[in-house]
Amino acid sequence: MLSIALAGKPNAGKSTFYKAATMADVDVGNYPFTTIDPNRGVTHVRTDCPCLERDERCGNEHCHDGKRYVPVELLDVAGLVPGAHEGRGLGNQFLDALTNADVIINVVDASGGTNEEGEPVEVGTYDPVEEVDFIEEEMDQWLAGIIDRNWESVERKSRSPDFDMDDTLTELLTGFGATEAEVAASLRDLDYPESPLSWTDEDRETLARDIRARTKPIILVANKADIAPKENIERLRETGKPVIPTTADGELALRKGVEAGVVDYDPGDPDFEILGDLSGTQEKGLEQIRDVMAEYGGTGVQEALDIAVYDLLDHLTAFPVQNESKWTDGTGNVLPDAFLLPQGSTPKDLAFAVHSDIGEGYLHAVNAKSSRRISDDYVLEEGDVVKIVSTAK
């Protein structure tokens, strides 16, 4: 399962975002370090379900009238403060928690209502643009520190006659969550000394920044957009970073309304419908959320998750089935599963994603939409429905 991590300074709204996205029971407080130990839960990215191409909807629990929700892991890491890579605010412990994340959502307090330490200040008095590069810089410096602390062992290994620089750095950096292919690509693109003894601090920092960018892409969530001065949102957008205006509070209110049966809303919708009787205060609060959604196209929570997976990680959704005509599994469930795969994946990659035994026994695949056999090097597309034929059952 892909892993998305929420990071940012304390009190930016990460725990509210996490609770809204997972509906898990977590502490949400207006003070720094509400979260100490990372929260782990399951949220979903949204895509079109292939059942939209059929006469009837599939009825899958993760399909809401053709809106398909695909599970991913969501990790809520405690707030980071400047100097986190040096250990401030238990920073190293919190940065370590990001090691296995595939992509990071940097939650920024767009309202300017908290200072760099996450302490409440008057709305609009702190510049949220200061937070744009904050997480990126802390992670880059943290990884550079890890490389630096381990460099003596790299130098020792270089004295061996069978020393290989690429292999040694791959061994070091895969511990950070990088794949061998990512390390190889980084080393291919960088110009560095052949001998570890000739490397400078700048060489190690350049390697750290490149590896972090490849393995931990970052998207910005401009949270608290419901109370943020408009100019703050615009200035964040002008930084050139991918920025999603968001109201995590609004998303959480809507999801609670759905649970209570008074709101009709699917995560990612641009609007909602009020179903039940509400007090004047409740109705006013929901209408304020509606105004923010109308301006930004939704609450931003689902959009941020979707962009993180489908755009930054460049993934697609594929749907394996056993019966290519009915699009069912062995017990008759229509479109029972959805798998997230990197763009460029093939049917055999899908087979391995389903189960290693299915992949090992792979024979061929059938495109269930066309009922035609497809080649082993066919490149999967978003929403493909595929029957895998394998010696494994």
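All values reported here derive from a predicted model rather than from experimental measurement.

Okay, the pattern of salt bridges next. Tallied over the entire structure, the rule returns 27 salt bridges. Across the pair K369 and E53 runs a salt bridge, and its minimum N-O distance is 2.8 Å. Here E53 lies in the loop between β2 (39–48) and β3 (63–64) and K369 lies in the loop between β12 (362–367) and β13 (372–374), a separation of 316 residues in the sequence.

Relative to the helices and strands, N100 resides in the loop between α2 (91–96) and β5 (103–109). Between the C-alpha atoms of N100 and L2, which are 98 residues apart in sequence, the distance is 9.6 Å.

The next point concerns the environment of L143. Here L143 shows up in helix α3 (residues 134–149). The class of L143 is buried, set by a relative accessible area of 1%. Each C-alpha atom, one on L143 and one on L207, is 9.2 Å from the other, the two residues being 64 residues apart in sequence. Those residues within four positions of L143 in sequence are excluded, and the remaining contacts are L173, F176, A208, I211 and R212.

Here we take up the domain arrangement of the chain. Each domain of the chain was delimited in the assignment, giving domain 1 (3–133 + 217–310), domain 2 (137–213) and domain 3 (316–390). Centre-to-centre, using C-alpha coordinates, domain 1 lies 34 Å away from domain 2.

What follows deals with the side chain of K14. Relative to the assigned elements, K14 resides in helix α1 (residues 14–22). Although K14 is buried, it makes no salt bridge; D76 carries the closest opposite charge, 5.2 Å away. When residues no more than four places from it in sequence are discounted, the contact partners of K14 are L6, A7, G8, K9, D76, V77, A78, G79 and V107.

Time to look at the pairing of β12. Counting buried residues in β12 gives 5 out of 6 residues, a clear majority hidden from the surface. Pairing between β12 and strand β14 (residues 384–390): 5 bridges, direction antiparallel. In the sheet register, Y362 faces β14, and the bridge partner there is S390. Taken together, the 3 bridges between β12 and β13 define a ladder with antiparallel strand orientation. Within the sheet, the bridge partner assigned to N367 lies in β13 and is R372.

Here 5 strands make up an open sheet; going across it, the order is β11-β10-β14-β12-β13 and the pairing mixed. Unpaired on one side and paired on the other, β11 (339–342) and β13 mark the two borders of the sheet. The sheet shows a mean angle of 45° between the axes of neighbouring strands, taken without regard to direction. Helix-sheet contacts for helix α11 (residues 301–312) involve β10 (315–321) and β11, and the interaxial angle to β10 is about 85°. Here helix α12 (residues 347–354) sits on the sheet and contacts β10, β11, β12, β13 and β14; the angle it forms with β11, its principal contact strand, is near 135°.

Criteria and cut-off values
- Residues numbered from 1 in each chain as written.
- Predicted model: local features only at pLDDT ≥ 70, side-chain atom pairs only at ≥ 80, totals over all residues.
- Heavy atoms only, no water.
- Salt bridge = Lys/Arg side-chain N within 4 Å of Asp/Glu carboxyl O.
- Helix = DSSP H or I, 4+ residues; strand = E, 2+ residues; numbered from the N terminus.
- Buried < 20%, exposed > 50% of the residue type's maximum accessible area, 1.4 Å probe, protein only.
- Contact = heavy atoms within 4.5 Å.
- Domains from an automatic or database assignment.
- Lys, Arg positive; Asp, Glu negative; His and termini not counted.
- Pairing = 2+ DSSP bridges.
- Axes fitted to C-alpha atoms, helices over the stretch in contact; angles between N-to-C directions.

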